[in-house]
Amino acid sequence: AQEVTPNDLAFNTDGTKMFIVGPAGDDVNEYACSTGFDVSTCSYSGDGERLQIQSQTVTPLGMVFNDDGTMLFIVSNTDNDVFEYACTAFDVGSCTVDSGDPFSVSSQDGTPRGIAFNTNGSKMFIVGKTGDDVNEYSCTQFFDVSTCTVDSGDPFSVSSDDSEPSGIAFNTDGTKMFVLGANGEDVNEYVCS
């Protein structure tokens, strides 16, 4: 009822809130869950707890919060940009877009689909369909995309596993990376040092 083409989701730390982003509504919808991480107990929090982002972009496809939910990052397929929002902890109704320019990833991928950070925000990862790969960025100010620069090495190709990677996540210590594939309709797991 809120988004007919949901593209990414996130939870708050204890799983009592779930967030869905999608390009049909150009927004992030918030859901309250009475049992943590149990989607069957989640219900829509209402339009007052929705972040409308059509004034920034019309194709939001990926999103991620920082560790305490005071920052939200959305990657756009239309603009090939990462937009940064300041929030009250895990309250999307309170989020406001950063006044600076969004962070462009167009030189690395023309159709970015997913975004992730390492635990402390010193690294950002973007997965995209144009290159079928994962690009890695180093950020001098943690969770501040304006300070991020793409790493000089080659991106990590996932083309042999899926030609339409659409989402990315890591385990807590970064020793495992997971890439969601729209073509294979599966999750591919990678072991990382």
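Everything here concerns the structure above.
Residues numbered from 1 in each chain as written. Predicted model: local features only at pLDDT ≥ 70, side-chain atom pairs only at ≥ 80, totals over all residues. Heavy atoms only, no water.

Bringing the sheet that holds strand 16 (residues 165–170) into the picture now. Adjacent strands of a sheet form backbone hydrogen bonds with each other and so pair up, either parallel or antiparallel. Strand order in this open sheet of three strands is 16-17-18, and the pairing throughout is antiparallel. Each end of this open sheet is capped by a strand with a single partner; those strands are strand 16 and strand 18 (186–191). Each strand axis lies, on average, 20° off the axis of its neighbour in the sheet, ignoring direction. (Pairing = 2+ DSSP bridges. Helix = DSSP H or I, 4+ residues; strand = E, 2+ residues; numbered from the N terminus. Axes fitted to C-alpha atoms, helices over the stretch in contact; angles between N-to-C directions.)

What follows is about the state of the cysteines. A disulfide bridge is the covalent bond that connects two cysteines by way of their sulfur atoms. Counting across every chain of the model gives three disulfides. Cysteine 33 shares a disulfide with cysteine 42; S-S distance 2.0 Å. Taking the sign of the torsion about the S-S bond as the criterion, the disulfide between cysteine 33 and cysteine 42, at about 95°, is right-handed. Across this residue pair, the class does not change: cysteine 33 and cysteine 42 are buried. Linked covalently through their sulfurs, cysteine 87 and cysteine 95 form a disulfide whose S-S length is 2.1 Å. Taking the sign of the S-S torsion, 105° for the link of cysteine 87 and cysteine 95, the bridge is right-handed. For the pair cysteine 87 and cysteine 95, a shared accessibility class is recorded, and that class is buried. Counting only the cysteines that take part in disulfides, in the order they occur along the protein chain, gives the pairing 1-2, 3-4, 5-6. The structure places no disulfide on cysteine 192, whose sulfur is separated from the nearest cysteine sulfur, that of cysteine 139, by 17 Å. Of the residues examined, cysteine 192 reaches a relative accessible area of 22% and is grouped as partly exposed. (Disulfide = S-S within 2.5 Å. Buried < 20%, exposed > 50% of the residue type's maximum accessible area, 1.4 Å probe, protein only.)

In this section: the side chain of threonine 147. With respect to the helices and strands, threonine 147 occurs in the loop between strand 13 (133–139) and strand 14 (148–150). Among the polar contacts made by the side chain of threonine 147, one reaches the main-chain amide nitrogen of threonine 140 at a distance of 3.3 Å. Sequence-distant contacts of threonine 147, that is, excluding residues within four places in its chain, are made with Ser138, Cys139, Thr140 and Gln141. (Polar contact = N/O pair within 3.5 Å; in protein donor to acceptor, adjacent residues only side chain to side chain. Contact = heavy atoms within 4.5 Å.)

Turning next to the packing of aromatic side chains. Counted according to the given criterion, the structure contains eleven aromatic pairs. Between the aromatic rings of phenylalanine 73 and phenylalanine 143, the centroid separation amounts to 6.3 Å while the plane-to-plane angle is 25°, which identifies the pairing as stacked. Linking phenylalanine 73 in strand 7 (residues 71–76) with phenylalanine 143 in the loop between strand 13 and strand 14, this pair joins segments that are 70 residues apart in sequence. Judged by relative accessible area, phenylalanine 73 falls into the buried class, the value being 0%. With centroids separated by 5.2 Å and ring planes inclined at 50°, the aromatic side chains of phenylalanine 117 and phenylalanine 143 adopt a geometry described as tilted. Of this pair, phenylalanine 117 sits in strand 11 (residues 112–117) while phenylalanine 143 sits in the loop between strand 13 and strand 14, and the two are 26 residues apart along the sequence. For phenylalanine 117, a relative accessible area of 10% puts it in the buried group. For phenylalanine 143, a relative accessible area of 8% gives the class buried. (Phe/Tyr/Trp six-rings, centres within 6.5 Å; stacked < 30°, edge-to-face > 60°.)

With four bridges joining them, strand 1 (residues 8–11) and strand 2 (residues 17–22) adopt antiparallel strand pairing. Residue pairing in the sheet places phenylalanine 11 in a bridge with methionine 18 of strand 2. Hairpin connection between strand 1 and strand 2: a loop of five residues separates the two successive antiparallel strands, and glycine 15 in this loop has a positive phi of roughly 75°.

Worth remembering: the numbers are spatial, not functional.
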